[in-house]
Amino acid sequence: MKDPYETLGVKRSAADKEIKDAFKKLARQFHPDLHPGDKEAEAKFKDISAANDLLKDPEKRRRFDAGEIDASGAERPQERYYRDFADGPSYAPHATQDGFANNEELEEFLARAFRGGARSRGDFQARGQDVNYELPVGLLDVANGATKTITLPDGKTLQVTIPEGAEDRQMLRLKGQGMPGFGGGPAGDAYVEIHVEPHAFFQRKDDNIHVEVPVTLKEAMLGAQIEVPTIGGPVVATVPKGSNTGTTLRLRDRGIRNRKTGQRGHQYINLKVVLPTTEEPELAAFLETWQPKTQQNPRKEMLP
Amino acid sequence: MMHVDDLLAAISTLQRGDIEAWIREGLVTPQQEAGTLHFTDMQCARVRLICTLHYELEIETETLPTVLSLLDQLYDTRQRLLSLTAAVAAQDKTVQAAILAALEINGPA
């Protein structure tokens, strides 16, 4: 029989309240009915109860302290726990079939199935909490994929890999990057929600990229090879002769790669003709004398 | 089989008013025969458990039904799990191995 003070984890000078609290805490932890399937719980609880029975009684405690009785003097009669019925073979119709003589063998099988299986008490494990973050990223980050670093409130940093083609509001799960687990339990997960910030000139529609590109009057009238931005860097595009504001060019496969199909979208270029911003006297002089082959009224449809 | 008086005698902490209330609330359900209540061994053990929860762990009267309901669910789930395990154990080795392998894949990391 162990020393009852040791069993309850209290000092010999402990007040009644401390003994009571220590017992309550341990009883919650080890009461066999609260831990069916845990074979150790019953033996531990028996020790705890016996220690409590002795120490909660001032007379018995005095006699124990004085060495008049030993710890076993307070031992309880064997009682049958509720779990012996609710969890026992007499209650379980399956217990004797299939060569499994008792629940213990079934527990063993379960333990194999769940690797490690039933854990002993005092070895409490729990998974850590999940945490949520929002991560603002640029359009080019999701267009091309990127690695971002989040700095957590506790100073820790988290590397987040933005997959190519990720969508706005897409949730990324970083396994095991949440709060740490308890008692060796696994850490929780970190969930990172991607917020794609608007780009200065690229606009995303599904897998396609739309961009408005200014061209000069001369480029539009006569046609030209011009350099245009794409999400993968500048490329040369052909402006056909006689282009206008609103003319759309398509650059095949210059859009965003679809995460599922692997197919790239396209880039659509919306041309916008801009007039010279500086004085062009020759152009002005030419227009003064210019007689259009066809009279044009672009506001025709707007007026009665 | 025990009567209320036997229980009161066997469990020194148990109060008559309490066990009557627990019976009224259906926390323990003894059979009634000729105006006398009979407790099976299992029901006696359940009364002991309720006594421990209430008198020693100081779980309050209002909270007791919740705790017991959760415990009942735990035992019920264990029964089902053990039945399921027994059913798996009755299969031949290749089926058992396949189930264990599937648990490895989908089970706890």
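Cut-offs used in this document
- Residues numbered from 1 in each chain as written.
- Chains lettered and ligands numbered in written order.
- Predicted model: local features only at pLDDT ≥ 70, side-chain atom pairs only at ≥ 80, totals over all residues.
- Heavy atoms only, no water.
- Pairing = 2+ DSSP bridges.
- Helix = DSSP H or I, 4+ residues; strand = E, 2+ residues; numbered from the N terminus.
- Axes fitted to C-alpha atoms, helices over the stretch in contact; angles between N-to-C directions.
- Buried < 20%, exposed > 50% of the residue type's maximum accessible area, 1.4 Å probe, protein only.
- Contact = heavy atoms within 4.5 Å.
- Arc of directions from axis to C-beta.
- Core = buried A, V, L, I, M, F, W, Y, C linked by side-chain atoms within 4.5 Å.

K.L.:
Got a sec to walk through the sheet that holds strand 1 (residues 131–137) of chain A? Specific residues and values, please.
P.N.:
Residues and elements named next belong to chain A. Pairing in this open sheet of 3 strands is mixed, and the strands run 1-5-4 from one edge to the other. The outermost strands of the open sheet, each flanked by one partner alone, are strand 1 and strand 4 (171–174). Each strand axis lies, on average, 25° off the axis of its neighbour in the sheet, ignoring direction. As paired elements, strand 1 and strand 5 (residues 190–196) share 7 bridges and run parallel to each other. When the sheet's bridge partners are listed, Pro136 is paired in strand 5 with His195.

K.L.:
How would you explain the sheet that holds strand 11 (residues 267–274) of chain A if you had to name every residue and give the values?
P.N.:
Residue and element names in this part refer to chain A. The mixed open sheet is built from 4 strands, whose spatial order is 6-7-11-10. On the outer flanks of this sheet lie strand 6 (202–205) and strand 10 (248–251), each paired with one strand and no other. This sheet shows a mean twist of 30° between the axes of neighbouring strands, independent of strand direction. The pairing of strand 10 with strand 11 spans 4 bridges and is antiparallel. Bridging across to strand 11, Leu251 finds its partner in Gln267.

K.L.:
Describe in detail the side chain of His54(B), supporting the description with residues and values.
P.N.:
Residue and element names in this part refer to chain B. Note on placement: His54 falls in helix 3 (residues 41–56). In this structure His54 comes out as buried when scored by relative accessible area, which is 16%. In contact with His54, not counting residues within four places along its chain, are Asp18, Trp22, Ile59, Glu60, Thr61 and Leu64.

K.L.:
Tell me what's going on with helix 2 (residues 16–24) of chain B, and back it up with residues and numbers.
P.N.:
Residues and elements named next belong to chain B. Considered for burial, the residues of helix 2 that qualify are Ile19, Ala21 and Trp22. The arc that holds every buried residue of helix 2, seen down its axis, measures 160°, which confines them to one face. Looking at the residues trailing helix 2, positive phi occurs at Gly26, about 80°.

K.L.:
An account of the nonpolar core is requested, with residue identities and associated values reported.
P.N.:
In this structure, Leu8(A), Leu14(B), Trp22(B), Val47(B) and Leu53(B) are the most contacted members of the largest nonpolar core, which totals 45 residues. Of all the elements in the fold, those that place two or more residues in this core are helix 1 (4–8), helix 2 (16–30), helix 3 (39–56) and helix 5 (82–86) of chain A together with helix 1 (4–10), helix 2, helix 3 and helix 4 (64–89) of chain B. The biggest single contributor to this core is helix 3 of chain B, with 7 residues. Among all residues touching Leu14(B), those that are not within four sequence positions of it are Leu7(B), Leu8(B), Ile19(B), Trp22(B), Val47(B), Cys51(B) and Tyr55(B). If you look at the next biggest cluster of nonpolar residues, it comprises 37 residues, including Leu139(A), Ala190(A), Val228(A) and Leu249(A).

Interpretation note: all reported values are geometric properties and have no functional meaning in isolation.
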